[in-house]
Amino acid sequence: MTGPRAHVGPVSEHLLLLCSAFVSGIVNILGRFRSPRAPRVLVVKLDHVGDVIMATPAIRAMREARPDDPIDVLIAPGSSVALQGNPHIERILYYDSPRYRRTRGRAPDQSSPLRLIRHVAQGGYSTIVELRGDWWTLLLPFLAGARRRVDRGSVRLGEWIARRVSGAHRARPSHHEVETNLEVVRPLLGSRPPDRPAVEIFPAESARESMRRKLEAAGVDFRAPIVIVHPGAAWRPRAWRPERFAAVADWIQDLYHPQVLFVGSSEERDIEAAVRASAKGSRTFWLAGELTWQDLAALLERARLFIGNEGGPAHVAAANRIPSVVLSGPQEPGRFHPWSDLSVVLHHRVHCCPCLQSVCVHPENPCVNLIEIEEVKASVRRALGPPESFR
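This text gives an overview of the structure that appears in the document. (Residues numbered from 1 in each chain as written. Predicted model: local features only at pLDDT ≥ 70, side-chain atom pairs only at ≥ 80, totals over all residues. Heavy atoms only, no water.)

1. So, the pattern of salt bridges
Within the structure shown, the criterion is met by 26 salt bridges. Note that D270 and R236 form a salt bridge whose closest N and O atoms lie 2.8 Å from each other. With D270 in helix 10 (residues 269-278) and R236 in the loop between strand 6 (226-230) and helix 9 (242-256), this residue pair connects regions lying 34 residues apart in the sequence. Overall, the relative accessible area of 46% leaves D270 in the partly exposed class. The exposure class of R236 is partly exposed, given its relative accessible area of 34%. Taken together, the salt bridges that share partners define one network made up of E13, K45, D47, R99 and R132. (Salt bridge = Lys/Arg side-chain N within 4 Å of Asp/Glu carboxyl O. Helix = DSSP H or I, 4+ residues; strand = E, 2+ residues; numbered from the N terminus. Buried < 20%, exposed > 50% of the residue type's maximum accessible area, 1.4 Å probe, protein only.)

2. So, the sheet that holds strand 9 (residues 305-309)
Strand order in the open sheet formed by six strands is 8-7-6-9-10-11, and the pairing between neighbours is parallel. Each edge of the sheet is formed by a strand with only one pairing partner; in this case those strands are strand 8 (284-286) and strand 11 (343-346). Averaged over all pairs of adjacent strands, the angle between strand axes in this sheet comes to 15 degrees, irrespective of strand direction. Looking at chain direction, strand 6 and strand 9 are connected through four bridges and run parallel. Residue pairing in the sheet places V229 in a bridge with I307 of strand 9. (Pairing = 2+ DSSP bridges. Axes fitted to C-alpha atoms, helices over the stretch in contact; angles between N-to-C directions.)

Taken by themselves, the reported measurements are silent on function.
The following block contains the structure:
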């Protein structure tokens, strides 16, 4: 479900945001002189699964404010689970951007970026919404003849200026990614503010059938309560110690008697093996590499609780509205935590947080390990309630 994470340097990222804001200014000036055309919106969000899920409130807000305008979305192929079946979108287009790719090298069966962007531009878009793109997507409004462009860079630049004018430039950013995405699209919403934004996901019936077949083959009983645990992480310093996951899983089984399903990608099987070496529970199932993202989304519809490191599965759990205990380390939880009032995020701030997630300055004991087992147990108790009422 996940793989090695691509890292984008801060200088390159800030330069791209600045150029994006400049492009929006040029496009919006030129758009005043372009001939009117039928409305059609293209949303660009080339991030990973969790990031795309955090864009769903902005997409819904645009649909509610512009019910007659077709909305297409350009995303990375690996993030398709976040938007498949979403009724607010007409078409999903795919671009495996080298900038955000988890593995090095050219994606198989993909045209050159310029050729692909030219093809996308043939959609005749009147408006480009760039929630996160790359250098090539800066060409889209010019190639498509768009009259309007809104973007993340303009919002981030405005926030940066406002903090310095107010003298609060040393304060950490307070806007969550959901709020930033909504701020980007706000100029397109007219006078209608978004109603209680919530992230959402729409698992397909085929995914439910696939998930059920795989879990029945593994011996899972669908009549009994299920707890999902994700001990892996795309960048390993984001992962809590395996033996602690094992201890929590054993404790949950002793106290609440659910089935505990460990999930993850095939690249995370080494972490699963480390957890398995310490776990003693008899109703534990090991599924790393066995489920697709679509399977996981369908499975999380049925779960009573999710426990895991901050990452894509935690955001899928939030979109499915299930109670979650999320362990956060190097990322800024105020900006990237799963967007749900049912998600409890445990985090201990250290001097180097947030970091670039390229090299950990404390690789022998990453900051996520400051979270203690008893903290997780207390959060699980609050989420599940007393054992005697758990069925």
